[in-house]
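Read off the chains here:
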Amino acid sequence: MGDIRIMEQTTIDLLGQQLEREQEMFSLGRERYLSRLENNSKPSTQNNPHRLITDALPKVSKAIGDTIAAEDNKGDGRKYSWYQDIKSVDSDLLAYIGLNSCMDAVASSSSLTSTITKIGHRIELEAWAVGLSSYNSKLAKRIEEKVTKDHSSERYRVKAARIIASKAGYKQKAWSEERRVKVATPVLNAILEHSGVFDKWEQQKPRNTIRKIGLTEEASLRLAQMDFESSWQEPMLAPMIVPPKPWTEFDSGCYYDPVTAAQVPLVRGSTFTQRKAIDHQLKEGKTPDYVEAINAIQATPLQINKYVLEAVNWSWDNAMVFGKFPRKEKIEHLRRPEEWEDMSDFDKKGWTLKAREIRTKNREIDGSRALMLQDLTTANDLVNFNEFFLPWNFDFRGRVYPVPHFCYHRDDHIKALFNMKNTKKMDDNAGFWLAVHIANVGDFNKISKESLDDRAAWVEDNREKLYDVGRDIKGTFDYWSQADKPFQFLAACHELANYMDYGNEYESALAPCLDGTNSGVQHYAAASLNKDDGKLVNLVPGNKPQDIYRAVADVVKEDLENSSDDFAKAWLNFGISRTTVKRNTMTYGYSSGRYGFADQLYEDTMRPLADKVMRGELKEHPFGEKADQQAAARFLAAINFRAVQQVISSAAAGMSFFQKVAGALAHEGKPFRFTTPIGFPVIQKYTYWDVKKVKIYLHDRDAGVLKRTQISVREKTNKRIDKKKAKAAVSPNIIHSMDSAHLLLTVLTAQQNGVSDFFLIHDSFGTTPSDTDVMYGSVRAAFVEIYKDYCLYTDVLNQAKQQLTHEGVEKLDAVIPEKGTLDLDLVLTSEYCFS
């Protein structure tokens, strides 16, 4: 009994801590921030981003106050339109809102437009609250108490508060986007001119220029030298130290504090109609299957992998540069050559472009550095807990995502930090799956493309070297840093070393993941029963895994060899591998076309090569200057597109069918609606936006003056359906809905067979090594269960006909794609469809 009481008290204590953590997430900060600052006497925490904002806050606040005072002094003269909206809002609070939003924009690489509208929206809420208190302070307090009691959703609290206040005589119309932008302008100008922390910059994209908020050189340098412990960078929605509340209502939220829970709906980005449909399902009595599944996923306890955390901290502290690990140190700026005046215009332009690329790259490094410091803060906090949890919710297509940004749906160095908490004893089968996982994430000499037995044999042949990796981070860095996924490889080797030391008595919680072979094509092949495509993506058993990317690369290479174009020669000299065509091939089934292919090739190939040139690792870019790089990307995109169409036949017919159905519904002004095989109601509704260009004056740091700037804001939605966007988006949305249905059904199937811990990323299925055999069978059984005796196209067509008018049904020319001879039962015995 004593042990039970101790456990109960521990749970109560943790729940109390969780509530405190949640309340801190959303206690808007000026009072808390200033209190922390006042009580902070530790020298070690003065040298951090907290200090950047500490120095800036009073200066920015004063500048805002002076700006408002200047408008006051105009008397009856003409004042700026923002004056009436912010004159009564505390300047400290305005400064806090602006600085906080800017720091968030740096970490998330947000655009100038989204940053300024976010500032404006937050000011609007503050101005409304100030106005209500001035109108009737007692009324304001009563409204706050009532809406907090009656509503868990923040959106509905705001709406209810406005309605109650309006009935009581306090009426204030919601601001337009233009008004929000103009109100935010003096706040942002004060920050740009007086903070010394933030500046604006431009990022050049292949087809457009994006303006963003960045750090000044001085602030960037200070940030690089700082420890990180800052309330300005605490994640708004963080992992939990107790199990999330199970979903029972649309707004029940995963968190325990009502204010925090109000920020997390069951479905992010849902329409009113979708919410209504889900509410109806939830009130029918039986919990929908998709809700059962997401509750099981978020009930999985997790831990921080201490070995990986040590490696990440060490790599960051020592500014290691490898793979996709974030850079800590910026690239040295180009110095203008001494012979500048004698250089040709062509050479000057080349130098200017290179200098601009370095500045852009350094701005990106600022953002990734701020985000990395935030991630390390979170990880170093969570490592102190025996277990923690990720709350989850859906997007409107039914795909499941962790709510916090700090989660394992991230890059390798973050994903590898996560271990499941519940362990199970190893046995030979578990050891086999651990070995396969090591081979997959290491992928030395492309071992992951070999048979499962060959992958396990590779691990056996390299046991001693892998053991060393699992015991010595620094001494084996040159080896493990070359792995395909370095930190996941490191984590797996550490687990192998433990297994080698303790044998079958060792209990493991590492998650070997079974990854689908091009999920999009798998779903199209199954829907059309296309045997050729099914074979390419391993829905048909074989001695070795089929490689659809290699098949596409071979066609591309042959096409290039038959071309006399200079770009063809450049690509052949560079080398066409499966990696070159992989992303294009993966996204084709999600309606990516030539333009999308070109952008992907530029981002995945051209930019990394340019980065190597900037770091001095390459003497020159193999595709020349930026314009030539873009042209080369467009050239190969066209060839890749033809090759993918040639290799994959089922996707084109499927996409055409879906687009015709969505187009028919859009023609009648109706959204596309589709209930997935697991019962999730998908509602795709894209409407036209009224885009308005707003002219504002923003501070230019270099010139020291206000310069006229134009930004485009989406003012409000039209009710008219955007037919072009509806047709373009429907195929990826349906396929994402189907891969989500497959994931959720896999969870329920595995759960019925004794699996309780899940590590899932869309088409990647993980659990403990000891349960991987069960997961292996469950993922295949669920896939067959979805498509056996079920036609996706017929279902979509029938659901659409129920929504269309009689005339619309008559005009609909969508013909169900021809069916092939694929035997879906073969999936049950295919080793490589999910491996």
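Our subject is the structure that appears above.
Computed from a prediction, not measured in an experiment: that's the story for all the values here. (Residues numbered from 1 in each chain as written. Predicted model: local features only at pLDDT ≥ 70, side-chain atom pairs only at ≥ 80, totals over all residues. Heavy atoms only, no water.)

Draft legend 1. Summary view of the overall build of the protein. Counting its regular elements, the protein contains 33 helices and 16 strands. Across the 835 residues that make up the protein, the buried fraction comes to 54%. Restricting to contacts in the protein with at least 6 residues of sequence separation, those with at least 24 account for 74%. (Helix = DSSP H or I, 4+ residues; strand = E, 2+ residues; numbered from the N terminus. Buried < 20%, exposed > 50% of the residue type's maximum accessible area, 1.4 Å probe, protein only. Contact = heavy atoms within 4.5 Å.)

Draft legend 2. Fine view of the sheet that holds strand β5 (residues 392-395). If you trace the three strands from one edge of the open sheet to the other, you get β3-β5-β6, paired in mixed fashion. Looking along the sheet, the strands with just one partner apiece sit at the ends: β3 (267-268) and β6 (400-402). Where β3 and β5 come together, two bridges link them in parallel fashion. For Val267, the partnering residue across the bridge sits in β5 and is Phe394. This element, helix α13 (residues 289-298), spans β5 and β6 of the sheet and lies at about 140° to β5. (Pairing = 2+ DSSP bridges. Axes fitted to C-alpha atoms, helices over the stretch in contact; angles between N-to-C directions.)

Draft legend 3. Layout of the nonpolar core. Grouped together as the largest cluster of nonpolar side chains are 181 residues, with contacts concentrated most on Phe418, Ile438 and Phe489. Examining the composition of this core, we find that twelve residues originate from one element, helix α30 (residues 723-752), more than from any other. Every residue in contact with Phe418, bar those within four places of it in the chain, is listed here: Leu302, Gln303, Phe388, Leu390, Phe406, Cys407, Tyr408 and Phe759. Counting residues in each nonpolar core, the second largest holds 48 residues, with Trp82, Tyr96, Leu99 and Leu215 among its members. (Core = buried A, V, L, I, M, F, W, Y, C linked by side-chain atoms within 4.5 Å.)

Draft legend 4. Region of the structure containing the packing of helix α29 (residues 650-667) against helix α32 (residues 792-803). Viewed as axis vectors pointing N to C, α29 and α32 meet at an angle of 10°, and their least axial separation amounts to 10 Å. Overall, the two elements α29 and α32 adopt an arrangement that is roughly parallel. Every residue of α32 that contacts α29 at Ser650, Gly654, Phe657, Phe658, Val661 and Leu665 is listed here: Leu792, Tyr793, Val796, Leu797, Ala800 and Gln803. The residue makeup of the contact of α29 with α32, split by class, is nine nonpolar, three polar and no charged. (Parallel < 35°, antiparallel > 145°, perpendicular 65-115°, else oblique. Nonpolar A, V, L, I, M, F, W, Y, C, P; charged D, E, K, R; others polar.)

Draft legend 5. Representation of the packing of aromatic side chains. In total, this model carries 38 aromatic pairs according to the counting rule given. Pairing Phe444 with Tyr479 gives two aromatic rings, centres 4.8 Å apart and planes at 10°, and the pair type is stacked. Within this pair, whereas Phe444 is found in the loop between α17 (428-442) and α18 (452-461), its partner Tyr479 is found in helix α20 (residues 477-480), the two being separated by 35 residues in sequence. Tyr479 carries the same exposure label as Phe444, and that label is buried. Taking the centre distance of 5.9 Å and the plane angle of 85° together, the rings of Trp571 and Phe574 count as edge-to-face. Residue Trp571 and its partner Phe574 are located together in helix α25 (residues 566-574), separated by three residues, close to a single helical turn. According to the relative accessible area criterion, Trp571 is buried, its value standing at 0%. Site record: aromatic cluster; members linked through ring pairs are Trp314, Phe322, Phe325, Phe477, Trp480 and Phe487. Between the NZ or CZ atom of Arg336 and the centre of the ring of Trp340, over which it lies, the distance is 4.4 Å. Against the face of Tyr479 rests Lys465, its NZ or CZ located 4.7 Å from the ring centre. (Phe/Tyr/Trp six-rings, centres within 6.5 Å; stacked < 30°, edge-to-face > 60°. Lys NZ or Arg CZ within 6 Å of the ring centre and 35° of its normal.)

Draft legend 6. Here's a closer look at α13. Of all the ten residues making up α13, eight are buried; the element is thus mostly covered by neighbouring parts of the structure. Those residues of α13 that sit buried are Tyr290, Val291, Ala293, Ile294, Asn295, Ala296, Ile297 and Gln298. Elements that come into contact with the buried residues of α13 comprise α12 (272-282), β5, β6, β12 (681-684), α30 and β15 (759-761).

Draft legend 7. Region of the structure containing empty space enclosed by the protein. Per the stated rule, a full pass over the model turns up three cavities of 30 Å³ or more. Of the voids in this model, the largest cavity is the one considered here, and its volume is about 110 Å³. In terms of lining residues, the largest cavity is bounded by Lys415, Ala416, Phe418, Asn419, His437, Gln488, Ala491, Leu510, Ala511, Cys513 and Phe759. Every element with two or more residues in the lining of the largest cavity is listed here: β7 (418-420) and α21 (486-502). Classifying every residue of the lining of the largest cavity gives seven nonpolar, three polar and one charged. Taken as a whole, the second largest cavity holds about 40 Å³ of empty space. If you go around the second largest cavity, the residues you meet are Ala662, Leu665, Ala666, Lys670, Pro671, Phe672, Gln684, Lys685, Tyr686, Ile721 and Ala726. If you tally residues by element for the lining of the second largest cavity, the top one is α29, at three residues. In the lining of the second largest cavity, the residues fall into eight nonpolar, one polar and two charged. (1 Å grid on protein atoms, 1.4 Å probe; cavity = no way out; pocket = protein on both sides within 12 Å on 5 of 7 lines; lining within 4 Å. Points joined across faces, edges and corners; volume = space filled by probe spheres on them.)

Draft legend 8. Looking closely at α17. Helix length check: α17, at 15 residues, gives a terminal C-alpha distance of 21 Å against a target of 21 Å (1.5 Å per residue), a fit within 8%. Among the 15 residues in α17, twelve count as buried, and that is most of the element. Along α17, the residues that are buried comprise Ala430, Gly431, Trp433, Leu434, Ala435, Val436, His437, Ile438, Ala439, Asn440, Val441 and Gly442. Elements in contact with the buried residues of α17: α18, α19 (463-469), α21, β10 (513-515) and α31 (772-787). A side-chain oxygen of the first residue of α17 lies 3.1 Å from the backbone nitrogen of Asn429; this N-cap is Asp427. Where α17 terminates, the next one or two residues include Asp443, which has phi positive at roughly 50°. (Expected span 1.5 Å × (residues − 1). Polar contact = N/O pair within 3.5 Å; in protein donor to acceptor, adjacent residues only side chain to side chain.)

Draft legend 9. Region of interest: the sheet that holds β10. In space, the three strands of this open sheet follow the order β10-β16-β15, with antiparallel pairing throughout. Where the open sheet ends on each side, the last strands, each with one partner, are β10 and β15. Looking at each pair of strands side by side, their axes are set apart by 10° on average, direction ignored. Note that β15 and strand β16 (residues 764-766) share three bridges and pair antiparallel. When the bridges of β16 are listed, Leu760 appears paired with Phe765.

Draft legend 10. A look at the environment of Phe385. Counting through the fold element by element, Phe385 comes out in the loop between α15 (345-382) and β5. Distance in space between the C-alpha atoms of Phe385 and Ile304 is 8.6 Å, their sequence separation being 81 residues. Leaving out residues up to four positions away in the same chain, Phe385 has contacts with Leu14, Gln17, Arg21 and Ile241.

Draft legend 11. Summary view of the pattern of salt bridges. Scanning all chains against the criterion turns up 36 salt bridges. Between Glu387 and Lys421 there is a salt bridge, with the nearest N and O atoms lying 3.8 Å from each other. Within this pair, whereas Glu387 is found in the loop between α15 and β5, its partner Lys421 is found in the loop between β7 and β8 (424-425), the two being separated by 34 residues in sequence. With relative accessibility at 23%, the residue Glu387 sits in the partly exposed group. Several salt bridges converge on common partners, so that one network encompasses Lys361, Glu364, Glu603, Arg607 and Asp611. (Salt bridge = Lys/Arg side-chain N within 4 Å of Asp/Glu carboxyl O.)

Draft legend 12. Spotlight on a negative patch on the surface. Side chains of Glu338, Glu339, Glu341 and Asp342 sit close together on the surface and give a patch of like negative charge. Relative to the helices and strands, Asp342 is located in the loop between α14 (306-317) and α15. When its relative accessible area of 72% is taken as the criterion, Asp342 is described as exposed. (Patch = residues over 30% accessible without salt bridge, like charges linked within 9 Å, V, L, I, M, F, W, Y side chains within 5 Å. Areas by Shrake-Rupley, 256 points an atom, 1.4 Å probe, with all protein chains shown as cover. Lys, Arg positive; Asp, Glu negative; His and termini not counted. Charge placed at Lys NZ, Arg CZ, Asp CG, Glu CD.)

Draft legend 13. A look at the environment of Leu760. As for its position among the elements, Leu760 is in strand β15. Take Leu760: its relative accessible area is 1%, and that puts it in the buried class. When the C-alpha positions of Leu760 and Pro402 are compared, they lie 10.0 Å apart, and in sequence the two are 358 residues distant.

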